Amino acid sequence: MSAQNQSLRAVINLTTTNVNVDWNAVYRQELPRVYNYFRYRLGDDALAEDLTSATFEKAWRAREKYKRDLAAFSTWLFTIARNVAADHWRTHRAHVSFDALEKFSAPDSPHDAYVHQAELAQLGALLQQLNEHERELIALKYGAELNNREIAKQLGMSESNVGTTLHRIVNKLRERWDSTIADE
Amino acid sequence: MDDEFLKNYQQAPRPEFARQLQDKLNGGTNMLTTNNVAKQKTWRHNVMRWSPALIAATLVLALALVIALPPARALAQDFLNLFRVKKFAALTIDPARMKQLDNLDLDTEKLLADDVEILQKPGEPTQAASVQEASERAGFTVAVPAAHSNAAPSQILVQGAGAFVLTADTQKLQALLEIAGIHDAQVPAQLNGAKITVRKPAAVMLTYKLQRAKFTLMQSPSPEVELPQGVELKQLGEIGLRVLGLSQADAHNFAQNVDWSSTFLVPIPANVAEVRQVNVNGAEGLMINASATAQNRRSPYAEGDTLILWANNGMVYALQGSGAATDLLELASSVQ
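Quantities reported herein were computed from a predicted structural model and do not represent experimental measurements.

Asker: I keep staring at helix α2 (residues 23–42) of chain A and nothing clicks. Help me out?
Answerer: Each α-helix turn comprises 3.6 residues. Residues three or four places apart therefore point the same way. All names here are of chain A. The terminal C-alpha atoms of α2 lie 27 Å apart, and with 20 residues this matches the ideal 28 Å at 1.5 Å per residue to within 8%. Along α2, the sharpest kink reaches roughly 35 degrees, centred on glutamate 30 and followed within four residues by the proline proline 32. Of all 20 residues in α2, 14 are buried, a share of seventy percent or more. Downstream of α2 by a residue or two, glycine 43 has a phi angle that is positive, lying close to 70 degrees.

Now the structure itself:
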């Protein structure tokens with residue numbers, strides 16, 4: 001169980017029959033994870049907000065049924081988030097892709113690209129160069145901070161395969177990163 | 001590149017977005033449709049940068065960019081205004097303490113209303129047509145960054161001078177300390193009835209929106225505080241430090257080592273900003289980056305802004321921008 005889910009369990013008392021759920025606490029806990037999942041996935045802050053809204057609205061309408069099975073809430077929430085992302089890709093693929101690339105490849109102003117931000121922009125650009133499956137894995141791992149077991153469950157992969165694939169993707173990112181640095 | 005670096009790409013959702021979405025989920029009236037999130041974002045950035053409330057205050061209020069919790073901000077200002085500003089120093093404080101102060105929901109302005117006499121109202125900030133006009137109205141020569149001396153600011157705002165007298169009521173101040181959870185600090189008895197006069201000179205804010213640089217420079221002569229004899233700044237400072245969450249021992253030790261007559265103490269929650277000392281044309285300054293720390297990615301303070309504070313020749317300056325830290329520092333050093 002990830003640290004986030006342990007934390008989630010802390011705000012939700014699973015041991016009682018009549019569970020008193022602090023949904024505000026759940027919201028505060030899950031919002032940054034869902035939001036960052038979309039940021040890593042799509043590379044656009046405003047879009048990440050839109051899709052985060054859509055995810056929570058869908059989840060909130062049916063959240064009551066998770067009162068007795070809140071350990072599954074996070075998993076369920078990210079299933080919704082992934083569906084929302086997939087729907088968006090189907091209808092806006094070219095637009096999103098173009099915007100994201102344009103955004104991340106344009107830190108040419110000295111004032112807009114101080115060192116830390118420039119590095120993050122560079123990372124953003126590299127993420128956008130990954131294929132969809134790779135980006136999904138990275139978004140779940142580093143944006144949503146799911147552990148490999150949770151990612152495996154989301155993607156229907158084995159846990160070891162998730163670990164191996166992530167290792168390969170990070171190596172790829174590292175090589176491209178080093179290559180970019182060397183070119184500069 | 002490692003796991004930590006990959007996680008650095010995370011950022012906290014905007015507080016306004018988080019709040020509005022929560023309102024919506026809770027069935028509140030403050031609805032936010034998905035289609036206008038981007039507009040809200042733009043609006044919010046404008047507010048952050050151009051809000052009259054932001055402009056209206058002196059440079060002291062620039063610190064509110066970092067200390068976003070209103071009651072804590074008010075406390076910090078009440079506390080900090082007691083000093084003449086010759087240099088800035090950072091004080092890292094526990095964010096949990098800031099949250100505690102926030103939860104108290106103290107309206108210090110209202111609580112102390114009977115004790116405050118306004119001598120001069122600063123009024124609303126008003127636009128000036130030129131730097132020269134701003135200088136004339138503010139009563140000092142407005143400095144500009146030499147690197148952009150030929151560029152006209154996109155906006156020039158002048159905030160008038162203000163002054164007030166606070167008549168200290170030790171009983172009330174003691175009660176405030178109790179409310180703030182400080183039970184082992186005593187407001188000095190000799191403070192009762194003491195009149196503390198705070199004068200905030202006029203301030204000017206220049207905003208530049210150039211093709212390759214967007215920044216705001218605020219400047220003002222140092223605020224002046226007149227304290228009656230017998231009021232121990234060190235003692236008051238120590239109490240202020242307690243309010244900000246320092247232990248009795250830490251507050252005492254810290255208080256002993258600060259030149260309270262000239263140091264503008266900037267309380268900074270540990271998880272919201274990275275702070276470092278910088279040298280601005282020989283003056284000791286602070287550079288505060290509100291989103292540089294890894295811990296900050298989960299905080300509600302995910303601003304990309306950098307704020308440089310420094311004082312020189314009786315003037316205090318604040319330069320706010322989102323560019324490279326080195327460029328901003330160079331810009332600050334060119335202010336003349």
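Asker: It is not clear to me how the sheet that holds strand β2 (residues 116–120) of chain B should be interpreted in this structure. Could you clarify?
Answerer: Whether parallel or antiparallel, the strands of a sheet pair through hydrogen bonds between backbone atoms. Residues and elements named next belong to chain B. The strand order β2-β5-β6-β9 describes an open sheet built from 4 strands, whose pairing is antiparallel. Looking at which strands have only one partner, the edges of the open sheet turn out to be β2 and β9 (224–226). Geometrically, the sheet is characterised by an average inter-axis angle of 20 degrees between neighbouring strands, direction not taken into account. As judged from the 6 bridges shared by strand β5 (residues 162–167) and strand β6 (residues 195–200), these two strands associate in the antiparallel manner. Bridge assignment links phenylalanine 164 to a residue of β6, and that residue is valine 198.

Asker: Where do I start with the packing of α2 of chain A against helix α3 (residues 45–61) of chain A in this structure?
Answerer: Helix-helix packing: each pair is described by the crossing angle between the helix axes and the interaxial distance. All names here are of chain A. Close contact between α2 and α3 brings their axes to 8 Å; oriented N to C, the two are set at 135 degrees. The orientation of α2 relative to α3 falls into the category oblique. Where α2 crosses over α3, the handedness of that crossing is right-handed. Judged by residue contacts, Val34, Tyr35, Phe38, Arg39 and Leu42 of α2 engage Asp45, Leu47, Ala48, Leu51, Thr52 and Thr55 from α3. Classifying every residue of the contact of α2 with α3 by side-chain character gives 7 nonpolar, 2 polar and 2 charged.

Asker: Teacher, can you tell me more about the confidence of the model for chain A here?
Answerer: Close inspection of predicted coordinates is inappropriate in any region flagged by low pLDDT. All names here are of chain A. Looking at chain A as a whole, the pLDDT averages 72, with 65% of positions reaching at least 70. Put simply, helix α1 (residues 3–11) is where chain A has its lowest mean pLDDT, 39, and helix α6 (residues 132–143) is where it has its highest, 90. In the model, residues 93–114 has pLDDT below 50 throughout and makes 42 contacts with residues more than four positions away in sequence or in other chains.

Asker: Can you help me understand the sheet that holds strand β7 (residues 203–209) of chain B in this one?
Answerer: Residues and elements named next belong to chain B. Pairing is antiparallel in the open sheet, where 8 strands are placed in the order β3-β4-β7-β8-β14-β13-β12-β11. Looking at which strands have only one partner, the edges of the open sheet turn out to be β3 (126–127) and β11 (274–280). Two elements, strand β4 (residues 155–159) and β7, share 5 bridges in a ladder whose sense is antiparallel. Paired with leucine 157 across the bridge in β7 is methionine 205. Each of β4 and β7 is contacted by helix α9 (residues 131–138), which is oriented at about 5 degrees to β4, the strand it contacts most.

Asker: Just checking my understanding: could you explain the nonpolar core for this structure?
Answerer: General note: in soluble globular proteins, nonpolar side chains tend to be found buried as a group. Formed by 63 residues in total, the largest nonpolar core has its most connected members in Val204, Ile308, Tyr317 and Leu319 of chain B. Counting 35 residues, the second-largest nonpolar core is a separate cluster that includes Ala59, Phe73, Leu127 and Leu146 of chain A.

Rules and cut-offs
Residues numbered from 1 in each chain as written. Chains lettered and ligands numbered in written order. Predicted model: local features only at pLDDT ≥ 70, side-chain atom pairs only at ≥ 80, totals over all residues. Helix = DSSP H or I, 4+ residues; strand = E, 2+ residues; numbered from the N terminus. Expected span 1.5 Å × (residues − 1). Bend = angle between axes of the 7 residues up to and from the residue. Buried ≥ 20, exposed ≤ 12 C-beta atoms within 10 Å, placed from the backbone. Pairing = 2+ DSSP bridges. Axes fitted to C-alpha atoms, helices over the stretch in contact; angles between N-to-C directions. Parallel < 35°, antiparallel > 145°, perpendicular 65-115°, else oblique. Left-handed = near helix turned anticlockwise from the far one by under 90°. Contact = placed C-beta atoms within 7 Å. Nonpolar A, V, L, I, M, F, W, Y, C, P; charged D, E, K, R; others polar. pLDDT = per-residue confidence, 0-100. Core = buried A, V, L, I, M, F, W, Y, C linked by C-beta atoms within 7 Å.

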